[in-house]
Amino acid sequence: VNPLIAPPLPFDMKPRAREAVRDLKLQQFVGNATHLKDTQRGGIFGRDFGSDYDDLRTVARDTKQYALDHLGELLERFIASAEASGAKVHAAATADEACAIALKIAREHTAESCVKSKSMVTEEIGLLPAFEAAGIQTLETDLGEFILQIDGDAPSHIVTPMIHKDRVATAKSFVRELGARYTEDPTELTMIAREHMRGLYRAADLGVSGANFLLADEGSAVICTNEGNFDLSVGGPPVHIVFVGVEKLIRGARDLAPFLKLLARSGTAQPLTVYTSFVRGPRRAGEHGGPKEVHFVLVDAGRVGVLASEKRDLLRCIRCGACLNACPVYRKVGGHSYGSMYAGPIGAVLTPELERAQGNASAGLANYPDLPRASSLCGACYEACPVKIDIPKFLMHDRARLRERGLSPKSEGATLALWRWLAERPALFRMAIGAVRLHARMLGQHEKTKDGERAWLKSAPGPGAGWTATRDLGIATGESFRDWFAQRDTKGGSR
Amino acid sequence: MRVALFTTCLAEALAPRALKATVLVLEHVGVRPELPTAQTCCGQPMLSNGLPADAAVLARRMAEIFAPYDAVVTPSGSCCSVVREKYAGLFDEGSADRAAVDALAAKTYELVEFLETKLKVDPTTLRGKSTPSAAPLTCHDACHLRGIHRHGSTAPFLAKSCCGDVRELPDMAQCCGFGGMFSTQFPEVSTALGEEKLAHVASTGASTLVASDTGCAAHLAGLAHRKGVPLRVISPAEALAESLGLLESKA
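(A) Region of interest: the overall build of chain B. Helix and strand content of chain B: 12 helices and 7 strands. For chain B, the C-alpha radius of gyration of 18 Å lies close to 18 Å, the compact-globule estimate for 251 residues. Seen through its C-alpha atoms, chain B measures out along the principal axes to roughly 50 × 45 × 25 Å. Per-residue burial for chain B yields a buried fraction of 64% across its 251 residues. A fraction of 77% describes how many contacts in chain B between residues 6 or more apart in sequence connect residues 24 or more apart. Counting every atom, chain B has about 8300 Å² of accessible surface; 53% of that belongs to carbon and sulfur.

Structure (structure tokens):
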């Protein structure tokens, strides 16, 4: 698996974040795309739903939560319906199990080639490296994922995986890897990829995809794409495998509408994705298309553990990517700074939690100590979330776990403890504030402003050093507020 | 109505003028705020940095100190949102502490919110002795105002009152990059966001920025100062007090 999304652990986010902030191309590509999508998201919801938008989100939240609360029952129903339609259903407790199931199916069909549409869970379980190791040539058919694949790059956004790249890079890659002529025209680039892929679709032994929703009543999976590549990957090869996290289950088509209304609007500001495809069992007698075998691999890989934890709300996530687009930090550091296939706000809470739930309980946060801290807690993610996951709450929760386990900087903890101790002692606290102001008066650079005199600190001790690394600290040097207030009180003044 | 001023420790340390302005504006609309002297810190730094038990100690103090008052008003957006949104989560439902912090949350207001929603002050009536300053200003709301559904409401209020030329800040919704200790933990990211905000401010042509949180104001003012960008950063209270002729600005 690419070290960009599976780095050595424990993962240190800071060097990647620092580098990303200095990367002007990344700033431009990611900044522009996220701002645009976020603005368009607000626009389309306003236009199509107005003040009902919040109610729609509430319905989606409750519907998904209901499904999670009844997961066992829905699983049984899904398995029964899927098997009735002739599909085979497999349960994978771990990533390795999921890969092993796929390899077994591939071996049974002596598969040598595979066409794959976009799927986060296959990134998560490392399916591609497993297939490559087994000699199964696998083609990513989502255009963005394809470009990343030929570049040996990794996705940096849940929905727009190559958000950190542009046409110029794509043009060069197509020249280098496909022998194409150089063009930056998006239509021509798409045609080059299309020509390259069409034959491979027809020749492939195996099709692989993820799923956006699993319908328990119908025993089918719903896949939302914009390129139609899923339909080709399921239409050509004789065998199709759907990999899907168990949290994707909902009751059935009767519950699907709010999610379809929300998913594409939240992710890409489209009313619907261009294709909304349903997969049920294999080709039936008299049908002309479709695979002869359909497998559903239901992946746990920590999800059941998350369900049993206080972070169960995270399983409501429909992977729309809206929180990434809305997040000021994601916009600046890009996806690879999160060291996971799940970047941005949702990734910051989901990555350590999935790891904790799959491995030993002491891992998780210990392997990703920066992720909960890499947020200004601005709340834009919560506001953007179509299923109302309170991500800032979980970030704060994780910060507390980090502190409890001694995984946060000690000096910072000591400062905060002193601050709290002083805050219980008003007289001392006032003296401390006075000392800060005195410190500034003595050591700061004085400046007369329209609003009175101010002292500027260019360097501060202790935790303040992080502040003055890039900023000055301005402190008003005049009379303290309390002195002013007390004086007015005694004089009567204008009061 | 007994109104208490919730000063916040950051404003006492960094921005006494914002607090003076808050008192002057409240007096202008006929409210005489009191200053409970035992108040210190609301616990936001502990709460945001993984020390909820320490934050709970301070939350309990806050509820006690402000218990005698009918309303609690603060010029600092983020401290306000902590009391309003976050205190409840520190205590079990049904406990006495929970009831106390819920009562505090129900009567705590950010200054502009207090004027607009509690006192129902018509902003167009906020006219002082002097004519409104012609100097254009622009307004950045603290992200924390999202949680109390006030994000983006400062600028319209100031524009309707006597603040003259209030210019729309492009991409106001994006965080300025302060984020409490985030600003020292990820200084490069924090600064990059701050620089983007300053660029947007510059694009408006305004030389005064109104920021509705003391921390955001200190971050942006400190960044502008380090970069040698002439920018005045004030609170909404100061903008109102100046326009009403209650507070001097030696322009």
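Still more to cover.
(B) Focus on the interface of chain A and chain B. The interface of chain A with chain B comprises 62 residues on the first partner and 72 residues on the second. Interface area for chain A against chain B, summed over the two sides, is near 6100 Å², with a carbon-plus-sulfur share of 63%. For chain A, the biggest contributors to the area lost against chain B are K450, F481 and R482 of chain A; these three give 12% of the whole. As a salt-bridge pair, R488 of chain A and E27 of chain B come within 2.7 Å of each other at their nearest N and O atoms.

(C) Geometry of the sheet that holds strand β3 (residues 108–110) of chain B. Residues and elements named next belong to chain B. On the basis of which strands lie adjacent, the open sheet formed by 3 strands has the order β1-β2-β3 and parallel pairing. Of all the strands in the sheet, the pair left with one neighbour each is β1 (3–5) and β3. Between one strand and the next, the sheet's axes are offset by a mean angle of 30 degrees, whatever the strand orientation. Sheet topology places strand β2 (residues 71–74) next to β3; 3 bridges connect them, and they run parallel. Across the sheet, the residue bridging to T74 is E110, located in β3.

(D) Inspection of the pattern of salt bridges at higher detail. Residues and elements named next belong to chain A. Scanning the entire structure with this criterion turns up 55 salt bridges over all chains. Note that K104 is salt-bridged to E108, the shortest N-O span being 3.3 Å. Pair noted here: K104 and E108 are both in helix α5 (residues 95–108), with a separation of 4 residues, about one helical turn. Measuring nitrogen to oxygen at the nearest pair gives 3.1 Å for the salt bridge that ties E404 to R401. Taken together, the positions of E404 and R401, both in helix α18 (residues 391–404) and 3 residues apart, correspond to about one turn of that helix. A relative accessible area of 56% places E404 in the exposed class. The exposure class assigned to R401 is partly exposed, which follows from its relative accessible area of 25%. One salt-bridge network, held together by shared partners, links D151, D153, K165, R176 and E177.

(E) The arrangement of unusual backbone geometry in detail. Residue P10 of chain A follows L9 of chain A across a cis peptide bond; omega there is -5 degrees. Here P10 of chain A shows up in the segment before α1 (13–22). Look at K120 of chain B: it is not a glycine, yet its phi comes out positive at around 50 degrees. One can find K120 of chain B in the loop between α7 (111–118) and β4 (137–140).

(F) Looking closely at the packing of helix α2 (residues 24–49) of chain A against helix α12 (residues 257–268) of chain A. Residue and element names in this part refer to chain A. At a closest axis distance of 7 Å, the pairing of α2 and α12 adopts a crossing angle of 145 degrees. Residues K37, Q40, R41, I44, F45, D48 and F49 of α2 form the contact with α12, whose own contacting residues are K261, L262, R265, S266, G267 and T268. The class makeup of the residues in the contact of α2 with α12 is 4 nonpolar, 4 polar and 5 charged.

(G) Spotlight on helix α2 (residues 16–28) of chain B. Residue and element names in this part refer to chain B. A rise of 1.5 Å per residue sets the reference length of α2, with its 13 residues, at 18 Å; its end C-alpha atoms lie 18 Å apart and thus fit the reference within 8%. Most of α2 sits out of view: 12 of its 13 residues are buried. Among all positions of α2, only P16, R17, A18, L19, K20, A21, T22, V23, L24, V25, L26 and E27 are buried. Of the residues trailing α2, G30 is marked for its positive phi of about 90 degrees.

About the cut-offs
- Residues numbered from 1 in each chain as written.
- Chains lettered and ligands numbered in written order.
- Predicted model: local features only at pLDDT ≥ 70, side-chain atom pairs only at ≥ 80, totals over all residues.
- Heavy atoms only, no water.
- Helix = DSSP H or I, 4+ residues; strand = E, 2+ residues; numbered from the N terminus.
- Rg over C-alpha atoms; globule rule 2.2 N^0.38 Å.
- Buried < 20%, exposed > 50% of the residue type's maximum accessible area, 1.4 Å probe, protein only.
- Contact = heavy atoms within 4.5 Å.
- Areas by Shrake-Rupley, 256 points an atom, 1.4 Å probe, with all protein chains shown as cover.
- Buried area = accessible area lost by both parts, 1.4 Å probe.
- Salt bridge = Lys/Arg side-chain N within 4 Å of Asp/Glu carboxyl O.
- Pairing = 2+ DSSP bridges.
- Axes fitted to C-alpha atoms, helices over the stretch in contact; angles between N-to-C directions.
- Nonpolar A, V, L, I, M, F, W, Y, C, P; charged D, E, K, R; others polar.
- Expected span 1.5 Å × (residues − 1).

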